[in-house]
Amino acid sequence: MQVTVSDLAAEPEQYDGHRVVVTGRVRSMEVQMGRRGSEYLVLVLEEDSPASSRAIQPVQIFSATVPKVRQGDHALVQGVYHREGKEAGRPFEDFVEAEAILRN
């Protein structure tokens, strides 16, 4: 199901555990180290419109691979949204476990 970052922020319970396609602007990208030493990438995806994104909670995207997007790019992310869960052995809230990340 196609959603926006604001949709996820407004009704997170509705999308919890569902495969979603979300688009937005990549605010930041950072390589993290898991508890067992494996690396993964965390992207912060915000609304496309910078004026409205300040009031809307961005969503974190977790990826095991490095996508062909960079900070500031518009991206399309397909994956499973989780209201709460663990990624790389650490607890997180409001994130998408990415299956694909494409430049939009």
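What comes next is a walk through the structure.

Procedures and definitions
Residues numbered from 1 in each chain as written. Predicted model: local features only at pLDDT ≥ 70, side-chain atom pairs only at ≥ 80, totals over all residues. Heavy atoms only, no water. Helix = DSSP H or I, 4+ residues; strand = E, 2+ residues; numbered from the N terminus. Rg over C-alpha atoms; globule rule 2.2 N^0.38 Å. Contact = heavy atoms within 4.5 Å. Patch = residues over 30% accessible without salt bridge, like charges linked within 9 Å, V, L, I, M, F, W, Y side chains within 5 Å. Areas by Shrake-Rupley, 256 points an atom, 1.4 Å probe, with all protein chains shown as cover. Salt bridge = Lys/Arg side-chain N within 4 Å of Asp/Glu carboxyl O. Lys, Arg positive; Asp, Glu negative; His and termini not counted. Charge placed at Lys NZ, Arg CZ, Asp CG, Glu CD. Buried < 20%, exposed > 50% of the residue type's maximum accessible area, 1.4 Å probe, protein only. Pairing = 2+ DSSP bridges. Phe/Tyr/Trp six-rings, centres within 6.5 Å; stacked < 30°, edge-to-face > 60°.

### Quick word on the overall build of the chain
- Looking only at helices and strands, the chain features three helices and six strands.
- The linear arrangement of helices and strands in the chain, starting from the amino end, is β-α-α-β-β-α-β-β-β.
- A compact globule built from 104 residues would reach a C-alpha radius of gyration of about 13 Å, and the chain, at 13 Å, matches this within 12%.
- Oriented by its inertia axes, the alpha-carbon framework of the chain measures out at about 40 × 30 × 25 Å.

### What to know about unusual backbone geometry
- A positive phi angle is found at aspartate 94, which is not glycine, with a value near 50°.
- Along the chain, aspartate 94 turns up in strand β6 (residues 90-103).

### What to know about the environment of glutamate 39
- As for its position among the elements, glutamate 39 is in strand β3 (residues 39-46).
- As a C-alpha pair, glutamate 39 and alanine 9 span 30 residues in sequence and 27 Å in three-dimensional space.
- The residues touching glutamate 39, leaving out its near neighbours within four places in the chain, are Val31, Gln32 and Met33.

### Focus on a positive patch on the surface
- Together, Arg35, Arg36, Lys86 and Arg90 make up a region of like positive charge exposed at the surface.
- Relative accessible area serves as the criterion here: at 84%, arginine 36 is assigned to the exposed category.

### Things to note about the pairing of β6
- In this structure, strand β4 (residues 59-63) lies alongside β6, joined through three bridges in parallel fashion. Paired with phenylalanine 62 across the two strands is glutamate 97, which belongs to β6.
- In this structure, the hairpin formed by strand β5 (residues 74-87) and β6 is closed by a connection of two residues, where alanine 88 is found at a positive phi of approximately 55°.

### Considerations on the pairing of β3
- Counting buried positions along β3 gives seven out of eight residues, so the element sits mostly inside the fold.
- Bridge count between strand β2 (residues 19-33) and β3: eight bridges; the pairing is antiparallel. From the neighbouring strand, methionine 33 faces β3, where its bridge partner is glutamate 39.
- Linking two consecutive strands that pair antiparallel, namely β2 and β3, is a turn of five residues; a positive phi of about 95° is found at glycine 37 within it.

### Side note on the packing of aromatic side chains
- As enumerated under the stated definition, the model contains four aromatic pairs in all.
- Measuring from centroid to centroid gives 5.9 Å for tyrosine 40 and phenylalanine 62, while their planes differ by 45°, and the two rings are tilted. Remark: phenylalanine 62 occurs in strand β4 and tyrosine 40 occurs in strand β3; sequence separation between them is 22 residues. Comparing tyrosine 40 with phenylalanine 62 shows no difference in burial state: the two are buried.
- Taking the centre distance of 4.6 Å and the plane angle of 55° together, the rings of phenylalanine 62 and phenylalanine 92 count as tilted. Linking phenylalanine 62 in strand β4 with phenylalanine 92 in strand β6, this pair joins segments that are 30 residues apart in sequence. Grouping residues by exposure puts phenylalanine 62 and phenylalanine 92 together as buried.
- Ring-pair connections join several aromatic residues into one group, and the members of that group are Tyr40, Phe62, Phe92 and Phe95.

Functional significance is not addressed by these values, which are geometric in nature.
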